[in-house]
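# Analysis of the macromolecular model
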Amino acid sequence: MNILFIMYDQLRFDYLSCAGHPHLQTPNFDKVAAMGVRFTNAYVQSPVCGGSRMCYYTGRYASSHGAQWNGFPLRVGEHTMGDHLRKAGMDSWLIGKTHMRADAEGMERLGLSADSVIGARQAECGFDTWIRDDGLWGYGPDGFYDEKRSPYNEYLKGKGYPSENPWADFANAGIDDAGDMASGWIFKNADKAANVREEDSETPWLTTKTIEFIDEKKAEGTAPWMAHVSFIKPHWPYIVPAPYHNMFGENHVPAPTRHEVEREDPQPVFGAYMQNKIATAFQQDEVRKKVIPAYMGLIKQCDDQLGRLLDHLEATDQMKDTMIVLTSDHGDYLGDHWLGEKDLFHEQSVKVPMIIYDPRATADPARGTTCDALVESIDLAPTFVEAAGGKVAGHILEGRSLSPWLRGETPDWREYAISEYDYSATPQAVRLGIEPRDARLFMVFNGRYKLMHAEGGLRPMLFDLQTDPEEFFDLAKSDTHKAEIDRLYDNLFTWARRMSQRVTKSEDDIKAMRGRSMRRGILPFLADGTEVPEELTALYYGKAQADYTSD
């Protein structure tokens, strides 16, 4: 069995028709959900691109692997999904984005060359790279945001788009009434069609690359593979080519999910985020009226391109032996809770879509069902290892395999989900005067109550999603729910005491070690030797072969 692990950047959990969106029809997402299981309570372990992805790729919590924010390198030697899968006989490929930065200093220290097989995998989150393009090719007075070569930009140049950076000048820009470039970086331009042929835009381009990969691997007939197909959209810039740019309008824009009470004595980190640039932009109705239809258009294009992939799998008779996983690295506030982007722990940010189709007959009982168990993004890595026929390295992988749920079983499961956010590199930390080591947030959610703990001596936040599903009323503003806060802190402390760094010895290894030193003749603390079996002391009895005591 092969695995298509498809990630859409910044896709909200509720912007799919199978999740109940009132206007956006996503028949291909719905088709996969009808063939498999849709997990309705899936949470990422960090609500920011880099940190979240490193959790997916390692199967470990953010504080375990340490690469907690964009641009924080994943340290050399960290076990990744690719390492676990190759051990089980499955290749691991990247097609698209990782947002990973290599630990160049660590590689140099260990003498690892980036052009060696090991070095290349260390530099690419453990994947073999079919094609990598992180999809953020902004450029300004100091040059490009991303200094690597963009295969997508080279593709556009080859198609005749006349620019040093056609990603910015065509694929993510429209044309205004005066014939000038209307950059997608500017929200007022979100209603314009991107100045690129639809088939040349980012999502179709990566879909084509994925189809080429599938065809080549089928022709080779080599080892089974896992392909991480990682789309940049519907991540900003919020602009999409025709015909998707005007499929939706102001009448499809919902009222923002926000309440004035949220701005009354807010928890300090939440208050700081409500004042940042992206939040103040999305607090404007005119911004939401332009951006949200474009966001919906981007998702509609993603769905259509997913249809291309599904059709190709069916046409080449590969649907029957390909697991398909659809998810995201985080959501998008879109003005809800007076915020834009992601970063904090409201459902719009930390909760993601997760749909899994398992083609095996053992998954038949669960087809077309939903599962409301508390699922974490780190659960995918052990799920893939089991699908590859491998043994899950439980001393390294911190997630839990979803295989029982896919078979329609009801396993003993976690009582709470955890997410972490390191905001040390942000202006909000500066605004609050928080030192980098203290600029950290933790979420613990038990299915009803959600606690946000803030380091640095700041008070927590608490929401009761049963009585307040919109997460408006912060119950930690008073002491009326102290018992619930204490209970969630106990959960957080239990999680914090987990064994997370003993990754070189498994539980089985340790059990097998017990007593082995005695069988190798290490026998301290014996009073007369009768405390242990005779075979352990046999070599220490017998006639002395020489006597040097009288010399």
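Residues numbered from 1 in each chain as written. Predicted model: local features only at pLDDT ≥ 70, side-chain atom pairs only at ≥ 80, totals over all residues. Heavy atoms only, no water.

### A closer look at the overall build of the protein chain
Operational definition: Starting at the N terminus, helices and strands are each numbered in turn, a helix being any DSSP run of H or I of at least four residues and a strand any DSSP run of E of at least two. Both definitions apply: the radius of gyration is a C-alpha atom measure, and the globule rule equals 2.2 Å times residues to the power 0.38. Burial here depends on accessible area, computed with a 1.4 Å probe over protein chains only, as a share of the maximum for the residue type. Under 20% is buried, over 50% is exposed, and the range in between is partly exposed. All accessible-area figures derive from a Shrake-Rupley calculation using a 1.4 Å probe, and residue coverage is judged against the displayed protein chains alone.
In terms of regular secondary structure, the protein chain is built from 20 helices and 17 strands. Computed over C-alpha atoms, the radius of gyration of the protein chain comes to 26 Å, within 12% of the 24 Å expected from 2.2 N^0.38 for 551 residues, which places it in the range of a compact globule. Along the three orthogonal principal directions, the C-alpha set of the protein chain runs to about 110 × 65 × 55 Å. Taken across its 551 residues, the protein chain has 57% of its residues classed as buried. Accessible area of the protein chain: about 23800 Å², with a carbon and sulfur share of 51%.

### Here's the deal with the environment of F72
Selection rule: Here, two residues are considered to be in contact whenever any of their heavy atoms come within 4.5 Å of each other.
Along the chain, F72 falls in the loop between α3 (62-65) and α4 (81-87). Relative accessible area serves as the criterion here: at 28%, F72 is assigned to the partly exposed category. Note: C-alpha distance between F72 and R197 (125 residues apart in sequence) is 35 Å. Contact partners of F72, with chain neighbours within four places excluded, come to G66, A67, D422 and S424.

### Brief notes about the side chain of R258
Locating R258 in the fold gives a position in the loop between β9 (225-231) and α10 (268-274). By relative accessible area, which is 16% here, R258 ends up buried. Those residues in contact with R258, other than ones at most four positions away along the chain, are F282, Q283, D285, R288, G335, H337, W338 and F472.

### Some remarks on the sheet that holds strand β14 (residues 417-422)
Operational definition: Strand pairing is assigned whenever DSSP detects at least two bridges linking the two strands. Angles shown run from 0 to 180 degrees and are taken between the N-to-C directions of axes, each axis being a line fitted to C-alpha atoms and, for helices, limited to the stretch in contact.
Strand order in the open sheet formed by 4 strands is β14-β15-β16-β17, and the pairing between neighbours is antiparallel. At either end of the open sheet lies a strand with only one pairing partner, and these are β14 and β17 (461-464). Neighbour-to-neighbour, the strand axes of this sheet turn through a mean angle of 10 degrees, independent of strand direction. Pairing geometry for strand β16 (residues 449-454) and β17, over 4 bridges, is antiparallel.

### Here we look at the pattern of salt bridges
Heads up, the rule is: Basic side-chain nitrogens of Lys or Arg form a salt bridge, by our definition, when they fall within 4 Å of a carboxyl oxygen of Asp or Glu.
Under the defined criterion, the tally for this structure stands at 42 salt bridges. The partner of K31 in a salt bridge is E314, with the nearest N and O atoms 2.9 Å apart. Highlighted residues: K31 in helix α1 (residues 27-35) and E314 in helix α12 (residues 285-315), separated in sequence by 283 residues. Judged by its relative accessible area of 29%, K31 is partly exposed. Judged by relative accessible area, which is 39%, E314 ranks as partly exposed. Where R407 meets E409, a salt bridge forms, and the shortest distance between an N and an O atom there is 2.9 Å.

### Observations regarding the side chain of R53
In this structure, R53 sits in helix α2 (residues 49-58). Judged by relative accessible area, R53 falls into the buried class, the value being 0%. Non-local contacts of R53, meaning those with residues more than four positions away in its chain, are made with M7, D9, K97, T98, H99, H228, S230, F231 and D329.

### Some thoughts on helix α17 (residues 482-496)
Note the cut-off: The span one expects for a helix is its residue count, reduced by one, times 1.5 Å. This arc is built from the directions going out from the helix axis to the C-beta atoms.
Taking 1.5 Å per residue, 15 residues should reach 21 Å; α17 reaches 20 Å between its end C-alpha atoms and fits that length. Residues E484, I485, L488, Y489, N491, L492 and W495 constitute the buried set of α17. Within α17, the buried residues cover an arc of 155 degrees as seen down the axis, which keeps them to one side. In the core, the buried residues of α17 are packed alongside α3, β14, β15 (440-445), β16 and β17.

### Thoughts on the environment of W130
The following threshold applies: What qualifies as a polar contact is a pair of N or O atoms within 3.5 Å, subject to a donor-acceptor requirement within protein and to the restriction that residues adjacent in sequence count only when both atoms come from side chains.
Inspection of the secondary structure assignment puts W130 in strand β4 (residues 128-132). Linking W130 and M513, residues 383 residues apart in sequence, is a C-alpha distance of 41 Å. With residues near it in sequence (within four places) discarded, W130 still touches W93, L94, I95, K209, E212, F213 and E216. A distance of 3.4 Å separates a polar atom in the side chain of W130 from the backbone oxygen of K209.

Everything listed here is a matter of geometry and, on its own, says nothing about what the molecule does.
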